[in-house]
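Summary of the model geometry
What follows is each chain in one-letter form.
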Amino acid sequence: MKVKLTRQDNDAGDRNQAQGFGRITGDPPPAFDPDTQSAAAYRFFEDQGYVVLRQCLNPDEITYLNEFIDRTQVERPASWGLTEKRKPHHRGQGLIYSQPLLDYPELDSYTQHPRSFPLVSKILGGEDRVRFSEFNLRETPEDAGIGTMNFHHDAATEDRFIRAPYMPCDWLCAVHYLTDVDRTTPSFCVVPKSNRHETLGEVFTDLNDDYAEVPILGPAGTCVLYDTAIFHTRLDGDGRKPRRTWHQYYARGGWLKSSLPTTDRYMRPPSPPLTNWNLFPERLALHPDPLKRLFFSHWNTAQCEWVASGFDPEVRKSMPRGEQ
């Protein structure tokens, strides 16, 4: 990877710098067409831990989702974190509507979007292996501030360090841009090939000259698929312009034959539930189509308790982010 630095490297002695090492590349990563370049996109993801897909949302979908955000920020300001009493998951992330699927069936068609979902399925081992985990909408508001997010990885399993083969990954996130993203706006940023490392400092040391922090720029409709084990962050841009995104997380279901250095055979279990609070509405959890039921079958304890209650609205209300 050719790297052009846009600012000075930080002190290389600080190997665990949460804000990164300043090695921000000026070379944009390739963007693939998900219909005609899916094989190349898969190979890039397998090597780098992320991939950029172009034009995943059409103009009508972009308009609809932005209008949905406008409308629900008025209808449900508390769900968006727009009231004076900010919830913990709204701090440092801007605005986030965590569970819109609970009350808006019109979003169901986006959960397996025809442009990105085929590649998601391939990455996670096939359509019968993909499990829904989470769907949320986010906005980094105007004048959100600078330096609010560190490099981090999301959920990750310990066997990722030593299992063979590594793929399919455990969890996958799809970030769709709902507004144009350039260097003046907040942007998603990844550290390629960092998914088998424990700390960012370890990545910096091991990759040496190949270490890079890659901002993902692109017009509204761009999609980034990333392995949740890679280090990533949100860069701030100029700290004044807003950005809107739709985030969807997927888990891997089913058991897989694999191997570890200590044994010839290892059965990889399904990925654990991504969160202990995310809920699936009855229409999806008990969908009449068996393939849809399988897709929405990755239940956590909160979901199990809600189902056992007969989807009692009071039980939902008692759970984190379950307000109506």
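Residues numbered from 1 in each chain as written. Predicted model: local features only at pLDDT ≥ 70, side-chain atom pairs only at ≥ 80, totals over all residues. Heavy atoms only, no water.

As for the sheet that holds strand β4 (residues 130-140)
Spelled out, the test is: Here, strands pair whenever DSSP counts at least two bridges between them. The helix and strand labels rest on DSSP assignments: H or I over at least four residues marks a helix, E over at least two residues marks a strand, and numbering proceeds from the N terminus. We call two residues in contact when some of their heavy atoms are within 4.5 Å. As a rule, the C-alpha atoms of each element are fitted with a line to give its axis, helices using only the stretch in contact, and angles between N-to-C directions run from 0 to 180 degrees.
Strands sit in the order β1-β2-β8-β5-β10-β4-β3 across an open sheet of seven strands; the sheet is mixed. Only two strands of the sheet have a single partner each, and these edge strands are β1 (31-32) and β3 (95-97). Two elements, strand β5 (residues 171-177) and strand β8 (residues 223-227), share five bridges in a ladder whose sense is antiparallel. Each residue of the ladder has a partner; that of Ala174, found in β8, is Leu225. Against the sheet, helix α1 (residues 38-48) touches β1, β2 (50-53), β5 and β8, its axis set at about 145° to β2. Across the sheet, helix α2 (residues 59-75) lies against β3, β4 and β10 (243-252), angled at about 100° from β10, the strand it touches most.

Side note on the environment of Phe280
With respect to the element layout, Phe280 can be found in the loop between β12 (263-268) and α6 (282-285). A C-alpha to C-alpha distance of 30 Å links Phe280 and Asp180, two positions 100 residues apart in sequence. Contact partners of Phe280, with chain neighbours within four places excluded, come to Leu102, Phe132, Ser133, Ala285, Phe296, His298, Trp299, Gln303, Trp306 and Phe311.

A short note on α1
Convention followed: The buried label applies to any residue whose accessible area, calculated with a 1.4 Å probe on protein chains only, is under 20% of its type's maximum; exposed applies above 50%, and partly exposed to all values in between. Note: the arc covers the axis-to-C-beta directions of the helix.
For α1, the full list of buried residues reads Ala41, Tyr42, Phe44, Phe45 and Gln48. For α1, the angular spread of buried residues about the axis comes to 165°, placing them on one side. In the segment just after α1, Gly49 is the residue with positive phi, at about 90°.

Notes on the side chain of Asn300
For the record, the criterion: Polar contacts, as counted here, are pairs of nitrogen or oxygen atoms within 3.5 Å of one another; within protein the pair requires one atom able to donate a hydrogen and one able to accept it, and residues that are adjacent in sequence qualify only if both atoms are side-chain atoms.
Locating Asn300 in the fold gives a position in the loop between α7 (290-295) and α8 (301-308). Given the relative accessible area of 6%, Asn300 is considered buried. A polar contact of 3.1 Å, which involves the side chain of Asn300, links it to the backbone oxygen of Asn278. Those residues in contact with Asn300 that sit more than four places away from it in its chain are Pro273, Thr275, Asn276, Trp277 and Asn278.

Considerations on a negative patch on the surface
Cut-off, in case you're wondering: Here, patches come from residues exposed beyond 30% relative accessible area and free of salt bridges, joined within 9 Å for like charges and within 5 Å for nonpolar side chains (Val, Leu, Ile, Met, Phe, Trp, Tyr). In short, Shrake-Rupley with a 1.4 Å probe defines the accessible areas, and a residue's cover is counted only from the protein chains shown. Every case where a carboxyl oxygen of Asp or Glu lies within 4 Å of a side-chain nitrogen of Lys or Arg is listed as a salt bridge. Counted charges follow a simple rule, with Lys and Arg positive, Asp and Glu negative, and His plus the chain ends left uncounted. Every charge is mapped onto a representative atom, which is NZ of Lys, CZ of Arg, CG of Asp or CD of Glu.
Negative charge collects at one region of the surface, where Glu158, Glu198, Glu202 and Asp206 lie side by side. For Glu198, the location among the structural elements is in the loop between β6 (187-190) and α5 (200-207).

Notes on the confidence of the model for the protein
Here is the rule we go by: For every residue, the predictor reports its confidence as pLDDT, a number between 0 and 100.
On average, residues of the protein score 89 in pLDDT, and 90% of them reach the 70 mark or higher. Residue range residues 1-16 is modelled with pLDDT below 50. Its contacts to residues more than four positions away, or to other chains, number 44 contacts.

Some details on the packing of aromatic side chains
Our working rule: Aromatic rings from Phe, Tyr and Trp, taking only the six-membered ring of Trp, are treated as a pair when their centres fall within 6.5 Å; an angle between ring planes under 30 degrees marks them as stacked, one over 60 as edge-to-face, and anything in between as tilted. A ring is considered to have a charge above it if a Lys NZ or an Arg CZ atom is located within 6 Å of its centre and within 35 degrees of its normal.
Applying the stated criterion across every chain, the model contains 22 aromatic pairs. Taken together, a centroid distance of 6.5 Å and an interplanar angle of 90° make the contact between Tyr97 and Tyr104 edge-to-face. With relative accessibility at 3%, the residue Tyr97 sits in the buried group. Taking 5.4 Å as the distance between ring centres and 35° as the angle between the ring planes, the aromatic pair formed by Phe135 and Trp246 counts as tilted. Residue Phe135 is located in strand β4, and its partner Trp246 is located in strand β10; the two are separated by 111 residues in the primary sequence. Classification of Trp246 as buried rests on a relative accessible area of 1%. Chaining the aromatic ring pairs together yields one cluster made of Tyr64, Phe68, Trp80, Tyr97, Tyr104, Tyr110, Phe135 and Trp246. Over the ring of Tyr166 we find Arg163, and its NZ or CZ is 4.5 Å from the ring centre. Seen from the ring of Trp277, Arg321 lies directly overhead, with NZ or CZ sitting 3.9 Å from the centre.

Structural notes on α5
Leu200, Gly201, Val203, Phe204 and Leu207 are the residues of α5 that are buried. Seen along its axis, α5 keeps its buried residues to an arc of 160°; they face one direction. Note on α5: the residue one or two positions beyond its end, Asn208, has a positive phi of about 55°.

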